[in-house]
Every structure is written in structure tokens, then in C-alpha cells.
Amino acid sequence: MLVTQDRYLMSRLNDSHPKQKFCCGVEVLNKYLQKQAGQENRKNIAVTYVLHDQEADQIMGYYTLSASTIQLQNLPESLSKKLPRYPLVPTTLIGRLAVDSNYQKRGIGEALLIDALRIAHKTSDEVASFAVIVDAMSESAKNFYQKYGFISLSSDSRKLYLPMKTIRKLF
Ligand SMILES: CC(C)(COP(=O)(O)OP(=O)(O)OC[C@H]1O[C@@H](n2cnc3c(N)ncnc32)[C@H](O)[C@@H]1OP(=O)(O)O)[C@@H](O)C(=O)NCCC(=O)NCCS
């Protein structure tokens, strides 16, 4: 259990959450929550966190977190030259993040992103992670992440990163 108010509760996805009602306007993100998220959780591939409106019994939004890596050579030289010459750099991946259409444009996406960064930052004290990375599924999603300072990786402009050093200043 992460954040508690009487009506809204942030927690890990469990079987009692009403997954089937979730609709964010991007079918692949609806289907992920409905069909894949539980399995990926059980298989230690990704943990899904959901914000639940308990009064309406509706999932307002969700995001996933996993351990990941990026190639050192895909970071800008100004950063990579300060790092050890290992080919891979440890990171934390926000694989998916979505807000139900009924709750969009009310600050929920921002709240989910900040919660994901908070957990990534907290866990990086115990298991090192150089940056949080995101896979933006569209130009619109990319614009959303750029608003919060995420920077495109040179190899793949849909993949963006935010250094843990920057995130640390938030918390
Ligand atoms: C993108 C998404 C997560 C935004 O969620 P939201 O709850 O509507 O966003 P918020 O209300 O928290 O907006 C926070 C800020 O981001 C801005 N923003 C929201 N969506 C944006 C977008 N697509 N592009 C640029 N900025 C965006 C808002 O204007 C707001 O800025 P402001 O405070 O200066 O006005 C949501 O629209 C969504 O789930 N879309 C479908 C799935 C998706 O594309 N997910 C992206 C990850 S793959």
C-alpha cells in the first residue's frame, strides 16, 4: 500500500481490482492491464501499480516498473565519459503508464509519474540504477515525458531517460 486517502488508493495490482473496465484510449495499454500485467507480476518481469477510485470502483491509472539496462554508447558522451566502460548501464524502466479516459487531464498522469520516480529513487539506494527510462508509445506520450525533463536516447528517439541524479533533487 503506497498512498492512502479515503477514496483513492495506490497499491500493487491484485485480483480484486476492476481491470476489465479500464479504458485509456490506447487498446494495447488496456489489454496489457487486463490480460498480461498479472502474469508479468507473477513471473517477476514487471510490477504494476494502480491508482484505484474505491468509491466508483474504477482503476484511474497504472504504471509498471522493471529493472532494465541501456547501452553505454547510447548515452551522450558528456555522461558516458564519466561512467565505467561496461557495455550496459543499469536502469529502471517505466514500461507502461496510462490514465483512464474518465480521469485524464486532472493531474493523474503527473501523480503516477512522480510516484514511479519516487519508488525508482527509493529502490536505487539498495540496488543501483543510473536512470529511469521510458518507452513512449506515441509522439504524444513522448511530449508528456519531455515535459518532465526526460531526454531521448540517441539510438531510439521513442526511448527516453532521466538520470537518477536529477530525480534525487525531487525527493
Ligand atoms: C499521457 C497520459 C498518461 C497523460 O495523463 P493525464 O492524467 O491526462 O495528464 P495530466 O493531467 O497529469 O497532465 C500533466 C501535464 O502533462 C501535460 N500533458 C498531458 N498529456 C500530454 C501529452 N500527450 N503531451 C504533452 N503534454 C501532456 C498536461 O497538459 C499537464 O501539463 P500542465 O500541468 O502544464 O497543463 C494520458 O493521456 C494517457 O494515459 N494517454 C494514453 C496512454 C499513453 O499514451 N500513455 C503514455 C505512456 S506509453
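Above this text sits the structure in question.
Source: prediction; values computed, not measured. (Residues numbered from 1 in each chain as written. Predicted model: local features only at pLDDT ≥ 70, side-chain atom pairs only at ≥ 80, totals over all residues.)

**A few points about the environment of Lys159**
To keep things clear, this is the line we draw: Elements are defined by DSSP. Helices are runs of H or I of four residues or more, strands are runs of E of two residues or more, and each kind is numbered from the N terminus. Labels follow a simple rule on C-beta atoms placed from the backbone: if 20 or more others lie within 10 Å of a residue's own, it is buried; if 12 or fewer, it is exposed; otherwise it is partly exposed.
Among the secondary structure elements, Lys159 is positioned in strand β8 (residues 156-163). Of the residues examined, Lys159 has 18 C-beta atoms within 10 Å and is grouped as partly exposed. Each C-alpha atom, one on Lys159 and one on Asp135, is 4.8 Å from the other, the two residues being 24 residues apart in sequence.

**Some thoughts on unusual backbone geometry**
Backbone geometry at Asn44 places phi at a positive 60°, although glycine is not the residue there. You can see Asn44 is positioned in the loop between α1 (27-42) and β3 (47-53). Residue classification places Asn44 among the exposed positions, given that 9 C-beta atoms sit within 10 Å. In this model, Asp57 sits at a positive phi of 45°, which is unusual for a non-glycine residue.

**Here we look at the site of the ligand**
The criterion, for reference: We call a residue near a molecule or strand when its C-beta atom, built from the backbone, sits within 6 Å of it. We call Asp, Glu, Lys and Arg charged. Ala, Val, Leu, Ile, Met, Phe, Trp, Tyr, Cys and Pro are nonpolar, and the rest, Gly among them, are polar.
The full set close to the ligand counts 23 residues, and Gln104, Gly109, Glu110, Ala141 and Asn143 are the nearest of them. Broken down by secondary-structure element, the contributors of at least two residues to the shell around the ligand are β5 (88-99), α3 (108-124) and α4 (139-147). It is α4 that provides the largest number of residues to the shell around the ligand, a total of five residues. The residue makeup of the shell around the ligand, split by class, is eleven nonpolar, seven polar and five charged.

Read these as geometric descriptors, not functional statements.
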